[in-house]
Amino acid sequence: MYDVIVVGARCAGAAAAMLLARAGYRVALLERSRFPKDTLSTLYIHQPGVAMLDRWDVLPEVIKTGCPPLDRVHYTLGDITLEGSSWPADGQHAAYAPRRHLLDSLLAQAAVRAGADFRDNCTVTDLVFDGDRVAGVRTGSGSGSGAATERARLVIGADGMRSTVADRVRAPKVTEDPRATCAYYSYWTGLPPRFRLYESPGGWVGTVPTNDGLTLVAGYFPQRDFAAVRGAGHAALLTLVGRTAPEVRAQMARGQQAERLHGTGDQQNFFRQASGPGWALIGDAGHHKDSITARGITDAFLQAQLLADCIGDRLHDPAALDRALEVFADRRTDLLMPHYRATLKTARLDPPGHQRQMLRAVATSTELTDRYFSVLSGVCPLDEFVTPELMDLLEEPDAMAGEEDSPR
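Below is a short write-up of the structure. (Residues numbered from 1 in each chain as written. Predicted model: local features only at pLDDT ≥ 70, side-chain atom pairs only at ≥ 80, totals over all residues. Heavy atoms only, no water.)

## Focus on the overall build of the protein chain
Scanning the protein chain from N- to C-terminus turns up 13 helices and 18 strands. For the protein chain, the proportion of its 408 residues judged to be buried stands at 58%. Intrachain contacts of the protein chain at a sequence separation of at least 6 include 74% that bridge at least 24 residues. Carbon and sulfur atoms make up 48% of the accessible area of the protein chain, which amounts to about 16400 Å² in all. (Helix = DSSP H or I, 4+ residues; strand = E, 2+ residues; numbered from the N terminus. Buried < 20%, exposed > 50% of the residue type's maximum accessible area, 1.4 Å probe, protein only. Contact = heavy atoms within 4.5 Å. Areas by Shrake-Rupley, 256 points an atom, 1.4 Å probe, with all protein chains shown as cover.)

## Observations concerning the pairing of strand β7 (residues 133–139)
Every other side chain in a regular strand lies on the same face of the sheet, so the side chains alternate between the two faces. In terms of residue burial, β7 counts as a mostly covered element, since five of its seven residues are buried. In this structure, strand β6 (residues 124–130) lies alongside β7, joined through six bridges in antiparallel fashion. Within β7, the residue paired with F129 across the bridge is V134. Adjacent in sequence and paired antiparallel, β6 and β7 are bridged by two residues, among which G131 carries a positive phi angle near 65°. (Pairing = 2+ DSSP bridges.)

## Concerning the packing of helix α9 (residues 296–311) against helix α10 (residues 318–346)
Where α9 contacts α10, the two axes come as close as 9 Å, and the packing angle between them is 150°. With respect to α10, the element α9 is oriented roughly antiparallel. Of the two elements, α9 crosses α10, and the hand of that crossing is right-handed. Residues D299, L302, Q303, L306, L307, C310 and I311 of α9 form the contact with α10, whose own contacting residues are L321, A324, L325, V327, F328, R331, R332, L335 and L336. Partitioned by chemical class, the residues of the contact of α9 with α10 number 12 nonpolar, one polar and three charged. (Axes fitted to C-alpha atoms, helices over the stretch in contact; angles between N-to-C directions. Parallel < 35°, antiparallel > 145°, perpendicular 65-115°, else oblique. Left-handed = near helix turned anticlockwise from the far one by under 90°. Nonpolar A, V, L, I, M, F, W, Y, C, P; charged D, E, K, R; others polar.)

## Digging into the nonpolar core
Formed by 55 residues in total, the largest nonpolar core has its most connected members in V27, L53, W56, L107 and F301. Other than its neighbours up to four places away in sequence, W56 contacts A15, M18, L19, R22, L107, F301 and Q305. Y75, A97, Y220 and A347 belong to the second largest nonpolar core, which has 38 residues in total. (Core = buried A, V, L, I, M, F, W, Y, C linked by side-chain atoms within 4.5 Å.)

## Regarding the sheet that holds strand β4 (residues 80–84)
Taking strand neighbours across the sheet as the criterion, the seven strands line up as β4-β3-β11-β12-β13-β10-β14 in an open arrangement whose pairing is mixed. Each of the sheet's edge strands pairs with one partner strand only, and the pair in question is β4 and β14 (262–264). The average undirected angle you get between the axes of adjacent strands in this sheet is 10°. The pairing of strand β11 (residues 195–200) with strand β12 (residues 203–209) spans five bridges and is antiparallel. Bridge assignment links S200 to a residue of β12, and that residue is G203. Of the strands in this sheet, β10 (181–188), β11, β12 and β13 (215–222) are in contact with helix α7 (residues 233–244), which crosses β13 at around 90°.

## As for the packing of helix α1 (residues 11–22) against helix α4 (residues 100–113)
Pairs of packed helices are described in terms of their axes, by the angle between the two and the distance that separates them. For the pair α1 and α4, the least separation of the axes is 8 Å and the interaxial angle reads 20°. Overall, the two elements α1 and α4 adopt an arrangement that is roughly parallel. As for how α1 packs across α4, the hand of that crossing is left-handed. For the pair formed by α1 and α4, the contact residues are C11, A14, A17, M18 and A21 on the first element and R100, L103, D104, L107, A108, A110 and A111 on the second. Here the residues of the contact of α1 with α4 sort into 10 nonpolar, no polar and two charged.

## Describing the side chain of N211
As for its position among the elements, N211 is in the loop between β12 and β13. Here T210 takes part through its side chain, which lies 3.3 Å from a polar atom of the side chain of N211. Residues within four places of N211 in sequence aside, it is in contact with T65, G66, C67, A97, P98, R99 and L102. (Polar contact = N/O pair within 3.5 Å; in protein donor to acceptor, adjacent residues only side chain to side chain.)

## Points about the pattern of salt bridges
Per the stated rule, a full pass over the model turns up 23 salt bridges. For the salt bridge of R151 with D130, the shortest nitrogen-to-oxygen distance reads 2.7 Å. Taken together, the positions of R151 in strand β8 (residues 148–157) and D130 in strand β6 put the pair 21 residues apart, joining distant regions of the chain. Using a relative accessible area of 44% as the deciding quantity, one classes D130 as partly exposed. Across the pair K289 and D299 runs a salt bridge whose closest N-O atoms are separated by 2.4 Å. Of this pair, K289 sits in the loop between β18 (287–288) and α9 while D299 is found in helix α9, placing the two residues 10 residues apart along the sequence. Since its relative accessible area comes to 3%, D299 is described here as buried. When salt bridges that share partners are traced, they join R10, R100 and D104 into one network. (Salt bridge = Lys/Arg side-chain N within 4 Å of Asp/Glu carboxyl O.)

## Examining the sheet that holds strand β15 (residues 269–272)
Spatial ordering of the open sheet is given by β9-β15-β18, a layout of three strands whose pairing is antiparallel. Looking at which strands have only one partner, the edges of the open sheet turn out to be β9 (173–177) and β18. Both β9 and β15 contribute to a ladder of four bridges, which runs antiparallel. By the bridge assignment for β15, E176 is matched with F270.

Below is the structure:
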């Protein structure tokens, strides 16, 4: 019998397994894919996520993969350009964007070094219940060779947006919003190692430098265009980049596309119930939002750390564990909801007039520009973005009214 079984060994699951194994618990980390394996991802880890990697002693291994430090952001909206840096998080000035087959494997290896039992190519087919309490998992085909039952005091679902754990415990979506965008990306050689964002009505382009001299170039389209875009994704991406970020399109033409096109139209926006008797959901299993703000990896780390902190030494007392899981659920929503709402605003792909006015004011000040990027990274709280200096620069003092003090 394990203390904890974690289903899913990506960013959230591997981090949670590592932290709980370091706390002295017997942990099984189960992953249906065979590692190393890539997955759909924007790759970008904001400074608070980098700070957690550093705290966990995993950051040196990430840096050794050769992904470049990204300590400057270039953002263009029409004729408005911001260039600056997020404030540091616990001394970490740079963001990083390692390929997922590298990052996820490094985190799984850290979990193994902490004592976790890691099994990839292992599919969880069902859960084991004692009454209404989750008490373990079933793996393999469900019958015949390869099928097995493993028991644990706590099962953590970190198995993605279409989570088997969430399905089996019937975790409801407590918040849900319509899909807003579809996204397509690939990797190119020959682009400068700069993190750049370009926004225009109906489109968004980002360049994210990663390993091996490659740059991820991503394009975001309105969800209503998905049927048309999916049939001609490559041409649609090139057209969008040419319209929204012509300098990037020229650099792509001089370089080479290094991999096939990746994309999705299934960018769901929701919070699921985060916990119940003997179970918890983290990462995309418990909360998913549009990838346009690249919050997924950082938020996965935040959830893993929050869950481990809430559990503490309470795992062997079912009543105390249930109370800890309830605390985790409440704190998770409070922690992630501000950026969820901000992401939905960005994913509209229709910058309102007040946003342009605000950005013009921000662009006049280095301090305000860095503050703006610090809000986007999560270092500066959303409610601290609007300063007296910014209000003085705005032509209409009421321009930010009704926007929850959000930069979006």
